[in-house]
Amino acid sequence: MAAVNTQVDECPKDLIFNEIITTLQCHPTHNIVACGQIGGNVLLQRFSPTSNGEKLHKFVHHKKACRALRFSSDGRRLFSASKDKSIYCVDVETGKLKRKIKKAHESPIYSMVQTGDTFVATGDDDGVLKVWDMRSKQATMELKECEEFISDMIVEDNKIIIAASGEGTLTAFNIRRKRMDVQSELFDSELLCLAKMKGGHKLVCGTGEGVLNVFNWGEWGNISDRFPCDKEQIDSVVPITDDVLCIGTNNGFVRAVHVLPNRVLGLVGQHTGDFPVEALSLTADKTCIASCSHDQLVKFWNIEELKTQTVDTSKKASKNNKRPVHFSKSKNFFAGLVEASDEKAANGTSDDDESDSDDSE
């Protein structure tokens with residue numbers, strides 16, 4: 001595998017597929033992305049600014065939509081979980097199958113996170129969470145504390161799993177004691193995606209009503225802040241810095257948001273068709289993010305300018321600002337945009353038309 005080129009100024013070219021991409025994950029050290037398809041296939045592809053991708057491996061283990069992908073911390077293994085209730089582990093270099101658990105859950109698996117070198121946690125459509133030792137292929141913990149699907153999870157020190165649920169709760173699970181530690185109050189909207197921010201002191205949660213809920217880390221009972229930043233459902237998030245993250249909404253938009261103080265910085269990119277941005281992932285060199293939607297493309301967006309953006313707290317977001325937002329993949333896209341473009345979203349206004357989309361899975 002070729003090492004990451006940290007000097008790349010241009011975005012990698014779009015990757016084109018013949019099926020809908022339902023999830024993706026960028027390799028931690030190489031210019032490689034794993035893509036899960038609605039039919040269950042998983043593809044490993046190299047990306048670059050000069051080519052439309054090079055297929056490295058294609059895995060056909062899953063029989064239904066691949067819903068979650070995770071690389072091991074060293075990048076040598078790729079874990080995948082599917083709507084067909086199975087978990088697979090493959091060797092990234094050779095493409096060989098290392099582990100398989102065909103009936104890991106009674107209900108379709110929705111989310112997955114790595115909890116150690118050889119451990120993964122999975123959450124299913126019915127709110128069951130399991131922690132797996134992939135060496136023995138046995139579940140070391142199984143709990144059901146949620147009534148709806150477990151949408152996303154974050155792990156702290158391989159000891160605590162923080163899980164978001166479609167019922168509108170955030171739950172902390174203690175891996176070592178094999179129990180639930182605390183569960184939040186029931187919120188009015190689905191909790192769909194999670195990001196650790198502010199040096200690990202804050203947890204940001206995207207919701208079905210276009211709001212970012214902010215929790216103090218370790219205080220999971222109730223939110224510390226609430227930021228309505230879009231009219232559309234927030235399906236995916238990825239941290240860029242301690243202060244800035246990108247959100248993917250269910251009408252195909254990728255936006256940049258500053259957290260505490262809360263501002264929508266601008267529009268990073270767009271997938272066509274008014275379909276949800278299913279997943280976002282930071283590339284290994286941290287110059288771009290990859291995104292996927294139902295347009296059968298994986299797109300890349302340069303986020304270098306985001307790393308230096310600040311918010312002037314002496315100025316409020318203006319409802320009357322009319323400066324246009326332009327789509328671009330160049331490094332200079334955000335120049336002059338921060339104080340104007342999409343900050344009006346913080347006041348509940350937007351130029352984008354609302355549209356609904358169905359889950360094609």
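Keep in mind the model is a prediction, meaning the values are calculated, not measured.

Right, let's get into the overall build of the protein. Secondary structure summary: the protein contains zero helices and 28 strands in total. Sorting the 361 residues of the protein into buried and exposed places 57% on the buried side. Taken as a whole, the protein presents about 15,200 Å² of accessible surface, with 43% of it coming from carbon and sulfur.

It is worth spelling out the sheet that holds strand β12 (residues 128-133) at this point. Strand pairs in the sheet, formed through backbone hydrogen bonds, run parallel or antiparallel to each other. Spatial strand order, β10-β11-β12-β13: four strands in an open sheet with antiparallel pairing. What marks the edges here is a single partner per strand, and that holds for β10 (109-116) and β13 (138-144). In this sheet, neighbouring strand axes are inclined to one another by 20° on average, regardless of whether the strands run parallel or antiparallel. Where β10 lies against strand β11 (residues 119-124), six bridges are found, and the strand directions are antiparallel.

Looking along the chain, the bond that leaves Leu260 and enters Pro261 is cis, with omega of 5°. Looking at the element boundaries, Pro261 is found in the loop between β24 (253-258) and β25 (263-270). For Lys137, which is not glycine, the phi dihedral falls at a positive 60°. Looking at the element boundaries, Lys137 is found in the loop between β12 and β13. Of the residues examined, Lys137 reaches a relative accessible area of 38% and is grouped as partly exposed. The phi angle at Lys286 is positive, at roughly 60°, despite the residue not being glycine. Among the structural elements, Lys286 can be located in the loop between β26 (279-282) and β27 (288-292). Residue classification places Lys286 among the partly exposed positions, given a relative accessible area of 47%.

Turning next to the layout of surface pockets. A volume near 210 Å³ is recorded for the second largest pocket. Taken together, Ser72, Asp74, Arg76, Arg77, Phe79, Cys89, Lys98, Arg99, Asp117, Thr118, Met134 and Arg135 form the lining of the second largest pocket. Of all the elements in the fold, those that place two or more residues in the lining of the second largest pocket are β7 (77-82) and β9 (97-101). Taken together, the residues of the lining of the second largest pocket break down into three nonpolar, two polar and seven charged.

Mean pLDDT for the protein: 88, with 85% of residues reaching 70 or above. Note on residues 1-8: pLDDT under 50 across the span, and 20 contacts to partners over four residues away in sequence or across chains.

Applying the stated criterion across every chain, the model contains 11 salt bridges. Notably, a salt bridge pairs Asp125 with Arg67, separated by 2.9 Å at the nearest N-O pair. Of this pair, Asp125 sits in the loop between β11 and β12 while Arg67 sits in strand β6 (residues 66-71), and the two are 58 residues apart along the sequence. By relative accessible area, which is 14% here, Arg67 ends up buried. Between Arg77 and Asp91 there is a salt bridge; the shortest N-O distance is 3.0 Å.

Counted by the stated rule, this structure contains five aromatic pairs. Ring centres of Phe47 and Phe300 lie 4.7 Å apart, and the angle between their planes is 35°; on these two criteria the pair is classed as tilted. On the criterion of sequence distance, the pair formed by Phe47 in strand β4 (residues 42-48) and Phe300 in strand β28 (residues 297-302) is long-range, its members being 253 residues apart. For Phe47, a relative accessible area of 4% puts it in the buried group. Taking relative accessible area as the criterion, Phe300 reaches 0% and is therefore assigned buried. Put simply, the rings of Phe187, Phe215, Trp217 and Trp220 pair up and form one aromatic cluster. We note Lys196 situated over the ring of Trp217; from NZ or CZ to the ring centre the distance is 4.4 Å. For Arg255, the ring lying beneath its charged end belongs to Phe253, and the centroid distance is 5.0 Å.

Below, the discussion takes up the nonpolar core. Soluble globular proteins tend to pack their nonpolar side chains together in the buried interior. Core analysis: the largest hydrophobic core is formed by 17 residues, its most contacted members being Val204, Leu212, Cys229, Ile234, Leu245 and Ile247. Of all the elements in the fold, those that place two or more residues in this core are β18 (191-197), β20 (211-216), β22 (234-239) and β23 (244-249). Per element, the largest residue contribution to this core is four residues, and it comes from β18. Residues in contact with Ile247, not counting those within four places in the same chain, are Leu212, Cys229, Ile234, Ser236, Val237, Phe253, Val254, Arg255, Val257 and Leu280.

Let us now look at the sheet that holds strand β8 (residues 87-91). Read across the sheet, four strands follow the order β6-β7-β8-β9 without closing on themselves; strand pairing throughout is antiparallel. The open sheet has two edge strands, β6 and β9, and neither has a second partner. Between one strand axis and the next, the sheet turns through 15° on average, direction left out of account. Direction of pairing for β6 relative to β7: antiparallel, over a ladder of five bridges. When the bridges of β7 are listed, Leu69 appears paired with Ser80.

Cut-off values and rules
Residues numbered from 1 in each chain as written. Predicted model: local features only at pLDDT ≥ 70, side-chain atom pairs only at ≥ 80, totals over all residues. Heavy atoms only, no water. Helix = DSSP H or I, 4+ residues; strand = E, 2+ residues; numbered from the N terminus. Buried < 20%, exposed > 50% of the residue type's maximum accessible area, 1.4 Å probe, protein only. Areas by Shrake-Rupley, 256 points an atom, 1.4 Å probe, with all protein chains shown as cover. Pairing = 2+ DSSP bridges. Axes fitted to C-alpha atoms, helices over the stretch in contact; angles between N-to-C directions. 1 Å grid on protein atoms, 1.4 Å probe; cavity = no way out; pocket = protein on both sides within 12 Å on 5 of 7 lines; lining within 4 Å. Points joined across faces, edges and corners; volume = space filled by probe spheres on them. Nonpolar A, V, L, I, M, F, W, Y, C, P; charged D, E, K, R; others polar. pLDDT = per-residue confidence, 0-100. Contact = heavy atoms within 4.5 Å. Salt bridge = Lys/Arg side-chain N within 4 Å of Asp/Glu carboxyl O. Phe/Tyr/Trp six-rings, centres within 6.5 Å; stacked < 30°, edge-to-face > 60°. Lys NZ or Arg CZ within 6 Å of the ring centre and 35° of its normal. Core = buried A, V, L, I, M, F, W, Y, C linked by side-chain atoms within 4.5 Å.

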